[in-house]
Amino acid sequence: MLSRRFSLEAGRAVLVAGPAVAQILRGRLECLGKELYEGERVVVREGKELPLEALSNAELEVNVTRGANCRLIGSGESLGTRIWDSAISNIVSHSESCRDCVITALGPVSTGKSTFLCYVANRLLDKKEKELVIIDADIGQNDLGPPCSLALAKVDRQVTDLRELKPTMFDFVGYFSAGLNPHYVAQRVIGFVSRLKRDRARERLILLNTDGFVEGEGLVTKLWLLKGTGTHLAVFTDNGVASKALQLGLAPNKFIVIARPDINVRSRLIRANRRLLQYLKFLQGARPRRLHLSDTRLAFLGRSCRVVDFEPHARSYLLSLSSNEVLVPAIAMDHMFVALARNDEVQGFGVIKQYRRDGEMVVLTPTSGPVNTIFLSLVRLPRLGAEEALRLAT
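As a starting point, this report considers the structure included with it. Model, not experiment: these values are computed from the prediction. (Residues numbered from 1 in each chain as written. Predicted model: local features only at pLDDT ≥ 70, side-chain atom pairs only at ≥ 80, totals over all residues. Heavy atoms only, no water.)

**Considering the pairing of strand β22 (residues 337–342)**
And step 1. The element β22 is extensively covered by neighbouring structure, given that five of its six residues are classed as buried.
And step 2. By the bridge criterion, six bridges tie β22 to strand β23 (residues 345–355) in an arrangement that is antiparallel. The residue bridging phenylalanine 337 from the neighbouring strand is valine 351, located in β23.
And step 3. Here β22 hands over to β23 after two residues, with asparagine 343 in that stretch at a positive phi of 50°.
And step 4. By the bridge criterion, three bridges tie β22 to strand β25 (residues 373–375) in an arrangement that is antiparallel. Its bridge partner being in β25, alanine 341 is matched across the sheet by threonine 373. (Buried < 20%, exposed > 50% of the residue type's maximum accessible area, 1.4 Å probe, protein only. Helix = DSSP H or I, 4+ residues; strand = E, 2+ residues; numbered from the N terminus. Pairing = 2+ DSSP bridges.)

If you want it as structure tokens, here you go:
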């Protein structure tokens, strides 16, 4: 592990790329709108880059591991969060004009969508008129829930990583590649937001993060998602995508474009590693649980499922034969990552350890409450640290 010390004048900043740990030795700094004081630490996970900005003369120590780095930010670089300050007043203005205000972040992969929403949440947390919630609908790089899912968390404290928040509501898509069926992803997100809005107990500011599929059909479905969720303001992290959205009919007063930070795009390996960490997080404390098809429904892509005895070489795919049924090879059930639900509301997650021909399943899960539905996925977790993608044949 390499350790570096920085002495900063007020207004200067250090960019830390994880995995790393930064400790404040003296003075006062800010990270994504959260003030940091002497003795506090910031953990920067692999695949994340965070700016630590000095609010006063300060000193900090950064410990980085192999593959990580840290450096002073040059005066001409677009890396500090102050590049987003102009967007805050715009968001505040929109949030004050409606009951349940939805702010949606859109843009390609690794363009700062979740980092921006974290900054917005930290800056607006003290505005107690509305309950502040974040919905992460990035099914491939979800910070609040496991891959293949949608997750919601109430923001009750300032954080430097959305993974520090505790999710309270989930939905399950069943795959982590948004390009597979972007319309279905948008449909689930619209339903998820509608479900939240049905609870009229409090007014809310809803910050919605989306996946990075914004090319062609991906952008068309994102515009449909904006309409279906009742988004009041769309925030684009890429000017080119915003221009295409304008050409497709998005009203100019319905979106803003924020400055895009000069950060590195995550490699596929780093993205895969981040997914594995989220699987493990939501499977902690898992124990074998027996469930049976006689009182448990299987579902995928909004359709009922029927398990069939295909040949062993059929391990690599799920086969949809009609508009209302999915045929699932029995051998593909073993080690499948699933969501456990009661009356279609996700209670938790698990991995099918064993599927028997008589319809009995052994599921490794930390979930112990009543369950009557298992949502299947296109993901197998055959062993610790391994992720295998199944294929869908239509």
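Anyway, onward from the coordinates.
**Remarks on the packing of helix α1 (residues 85–95) against helix α2 (residues 113–124)**
And step 1. With their axes 11 Å apart at the nearest point, α1 and α2 run at an angle of 65° to one another. The two elements α1 and α2 cross, and the hand of that crossing is right-handed. For the pair formed by α1 and α2, the contact residues are Asp85, Ala87, Ile88, Ile91 and Val92 on the first element and Phe116, Tyr119, Val120, Arg123 and Leu124 on the second.
And step 2. Tallied by class, residues from the contact of α1 with α2 come to eight nonpolar, no polar and two charged. (Axes fitted to C-alpha atoms, helices over the stretch in contact; angles between N-to-C directions. Left-handed = near helix turned anticlockwise from the far one by under 90°. Contact = heavy atoms within 4.5 Å. Nonpolar A, V, L, I, M, F, W, Y, C, P; charged D, E, K, R; others polar.)

**Some points on α2**
Residue pairs spaced three or four apart in an α-helix point in one direction, given the helix's 3.6 residues per turn.
And step 1. If you check α2, its first and last C-alpha atoms are 17 Å apart, about what twelve residues at 1.5 Å a residue would give, namely 16 Å.
And step 2. Burial of α2 is extensive: eleven of the twelve residues sit out of reach of the surface. (Expected span 1.5 Å × (residues − 1).)

**Focus: helix α3 (residues 182–197)**
And step 1. For α3, with 16 residues, the first-to-last C-alpha span of 23 Å sits near the 22 Å given by 1.5 Å per residue.
And step 2. Of the residues making up α3, those classed as buried are Pro182, Tyr184, Val185, Ala186, Val189, Ile190, Phe192, Val193 and Leu196.
And step 3. Turning to α3, the residues buried within the fold contact β10 (100–106), β11 (131–137), β12 (149–154), β13 (167–172), β14 (204–210) and α4 (217–228).

**A short note on the pattern of salt bridges**
Close approach of charged atoms lets side chains of opposite charge pair.
And step 1. A full pass over the atoms with the stated rule returns 28 salt bridges.
And step 2. For the salt bridge of arginine 26 with glutamate 59, the shortest nitrogen-to-oxygen distance reads 3.9 Å. Taken together, the positions of arginine 26 in strand β3 (residues 20–26) and glutamate 59 in strand β8 (residues 58–64) put the pair 33 residues apart, joining distant regions of the chain.
And step 3. Here arginine 28 makes a salt bridge to glutamate 35, at a shortest N to O gap of 3.2 Å.
And step 4. Here the salt bridges share partners, and the residues they tie into one network are Asp100, Glu131, Lys154, Asp199, Arg202 and Arg204. (Salt bridge = Lys/Arg side-chain N within 4 Å of Asp/Glu carboxyl O.)

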